[in-house]
Amino acid sequence: MAEILAFLIDLLHRMAEFLPLPLFTVVAAFVEEVVAPIPSPLVMTLAGSLAASAGQALPYLLWLALIGSLSKTFGSWVVYIIADKAEDLVMGRLGRFMGISHREVEAFGRHLNKGRRDSVVIFLLRAIPIIPTAPVSLVAGLIKLELRSYIWATLWGTLVRSAIYLYFGYTSVGALNALNEGLDSLESIGYVILAVMLALMIAYFYYLRSRGAGLKMVERITHKEDE
C-alpha cells in the first residue's frame, strides 16, 4: 500500500509539471478525493505553491478554490454513490448474519436527516482542514443522507478548505514538504475524531433499537414506500 501511495503522489507531482494549473487542480482534486490514502492537503497546497511560483496574484487562489471544490464535490458524490450501492448489496445479502437489516440502515439515515442541522455538520466536517474527507463521503453514502443537502454542504465546506490549503501553499513555497508533513500529522487527529463520531453513531443506532424506536422507523419507511 505504501508503494502504491508513493507512486500516486509522484504521479500527481509529475502531472503538475506538464498540465496547466487550472486543469491540474481539477483532475488532481478529483483523484485525491476518490483515492482515500492520498493526503488531502497535497493537491491544494501544491497548487497554491505553483500559483505563487508563476507570479499569480492572491485573488487567483479563489478561482482555483472554486474549480477544485467543484471537482472534489463531484468526487465525493462518486464515493457516496459507491457506498450507497455497496450498502444495498452487503446488507441485502449479509445483513441477517450481522443482525442489521437493510431497512434499518435506511430508516436510521432518514432519522438523522434533520435539515439544516445535518447540513451544518457536513459543512464543518468538510471545512475543517484536519478532518479527512473520503470517510465522510463513505459514511454519508452508507446511511443515505439526503443527497441534495449533502452536495451543497460539501461544496461550500470544500470551498473553505481548499481556500485554506491554497493559501498555506501560496505563502509557504520554500517549506512545502514540511508543511504537508505537518498537515498530514494533524489529519491523523481527524481520523480519531471521525472514529469517535462513528462509534457514537453506532451506539445511538443500537440505543434506538433497544427502545424499539428502530422498529418504528422501519415501519414508517415501509409505509412510505407502499404509498
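Anything mentioned here points back to the structure above.
Here the structure is a predicted model, which is why all the values come from computation and not from measurement.

So, how was this worked out
Residues numbered from 1 in each chain as written. Predicted model: local features only at pLDDT ≥ 70, side-chain atom pairs only at ≥ 80, totals over all residues. Heavy atoms only, no water. Helix = DSSP H or I, 4+ residues; strand = E, 2+ residues; numbered from the N terminus. Buried < 20%, exposed > 50% of the residue type's maximum accessible area, 1.4 Å probe, protein only. Contact = heavy atoms within 4.5 Å. Axes fitted to C-alpha atoms, helices over the stretch in contact; angles between N-to-C directions. Parallel < 35°, antiparallel > 145°, perpendicular 65-115°, else oblique. Left-handed = near helix turned anticlockwise from the far one by under 90°. Nonpolar A, V, L, I, M, F, W, Y, C, P; charged D, E, K, R; others polar. Core = buried A, V, L, I, M, F, W, Y, C linked by side-chain atoms within 4.5 Å. Salt bridge = Lys/Arg side-chain N within 4 Å of Asp/Glu carboxyl O. Polar contact = N/O pair within 3.5 Å; in protein donor to acceptor, adjacent residues only side chain to side chain. Patch = residues over 30% accessible without salt bridge, like charges linked within 9 Å, V, L, I, M, F, W, Y side chains within 5 Å. Areas by Shrake-Rupley, 256 points an atom, 1.4 Å probe, with all protein chains shown as cover. Phe/Tyr/Trp six-rings, centres within 6.5 Å; stacked < 30°, edge-to-face > 60°.

Draft legend 1. A look at the overall build of the protein. Tallying secondary structure elements over the protein gives ten helices and zero strands in all. Along the chain direction, N to C, the helices and strands of the protein fall in the order α-α-α-α-α-α-α-α-α-α. Burial analysis of the protein (227 residues in total) assigns 42% to the buried set. At a minimum sequence separation of 6, the contacts of the protein that also span at least 24 residues come to 80%.

Draft legend 2. Spotlight on the packing of helix α3 (residues 42-53) against helix α8 (residues 147-171). Across the interface, α3 lies against α8 with an axial gap of 6 Å and an inter-helix angle of 50 degrees. In terms of orientation, α3 lies oblique with respect to α8. Between α3 and α8 lies a crossing of right-handed hand. Across the interface between the two elements, Met44, Thr45, Ala47, Gly48, Ser49, Ala51 and Ala52 from α3 touch Ser162, Tyr165, Leu166, Gly169 and Tyr170 from α8. Partitioning the contact of α3 with α8 into residue classes produces seven nonpolar, five polar and no charged.

Draft legend 3. A look at the nonpolar core. In terms of nonpolar packing, the biggest core is built from 23 residues, with Leu12, Leu21, Phe24, Ala51, Leu61, Leu64 and Leu166 touching the most fellow members. Taken together, the elements giving at least two residues each to this core come down to α1 (2-18), α2 (21-34), α3, α4 (60-98) and α8. The element best represented in this core is α3, accounting for six residues. Leave out the neighbours within four places in its chain, and Phe24 touches Leu12, Met15, Ala16, Leu19, Ala29, Val43, Leu46 and Leu50. In this structure, Ile122, Leu125, Ala140 and Ala153 belong to the second largest nonpolar core, which totals ten residues.

Draft legend 4. Spatial organisation of the environment of Ala47. By secondary structure assignment, the location of Ala47 is in helix α3. A sequence separation of 115 residues divides Ala47 from Ser162, and the C-alpha atoms of the two residues are 10.0 Å apart.

Draft legend 5. Spotlight on the pattern of salt bridges. Counting across every chain of the model gives three salt bridges. Of the charged contacts, one joins Glu33 and Arg126 as a salt bridge, the two residues approaching to 3.6 Å between their closest N and O atoms. Of the two residues, Glu33 is situated in helix α2 and Arg126 in helix α6 (residues 116-127); the sequence distance between them amounts to 93 residues. Look at Glu33 and you get buried, because its relative accessible area is 1%. Linked by salt bridges that have partners in common, Glu32, Glu33, Lys72 and Arg126 make up one network.

Draft legend 6. Focus on the environment of Thr158. Relative to the helices and strands, Thr158 resides in helix α8. As for Thr158 and Pro129, which are separated by 29 residues in sequence, their C-alpha atoms are 9.2 Å apart. Those residues in contact with Thr158, other than ones at most four positions away along the chain, are Ser69, Lys72, Thr73 and Arg126. Only 2.6 Å separates the side chain of Thr158 from the backbone oxygen of Thr154, close enough to count as a polar contact.

Draft legend 7. Examining the environment of Val31 more closely. Secondary-structure assignment places Val31 in helix α2. When its relative accessible area of 25% is taken as the criterion, Val31 is described as partly exposed. Once the C-alpha coordinates of Val31 and Gly75 are considered, the two residues, 44 residues apart in sequence, prove to be 7.5 Å apart.

Draft legend 8. Structural detail: a nonpolar patch on the surface. Together, Leu23, Val26 and Val27 make up a nonpolar patch on the protein surface, roughly 190 Å² of accessible area in all. Residue position: Leu23 is located in helix α2. Note on Leu23: relative accessible area 41%, which makes it partly exposed.

Draft legend 9. Representation of the packing of aromatic side chains. Per the counting criterion, the structure on display carries three aromatic pairs. A connected cluster of aromatic rings, assembled from ring pairs, spans Phe30, Phe74 and Trp77.

Bear in mind that shape data such as this cannot, by itself, settle questions of function.
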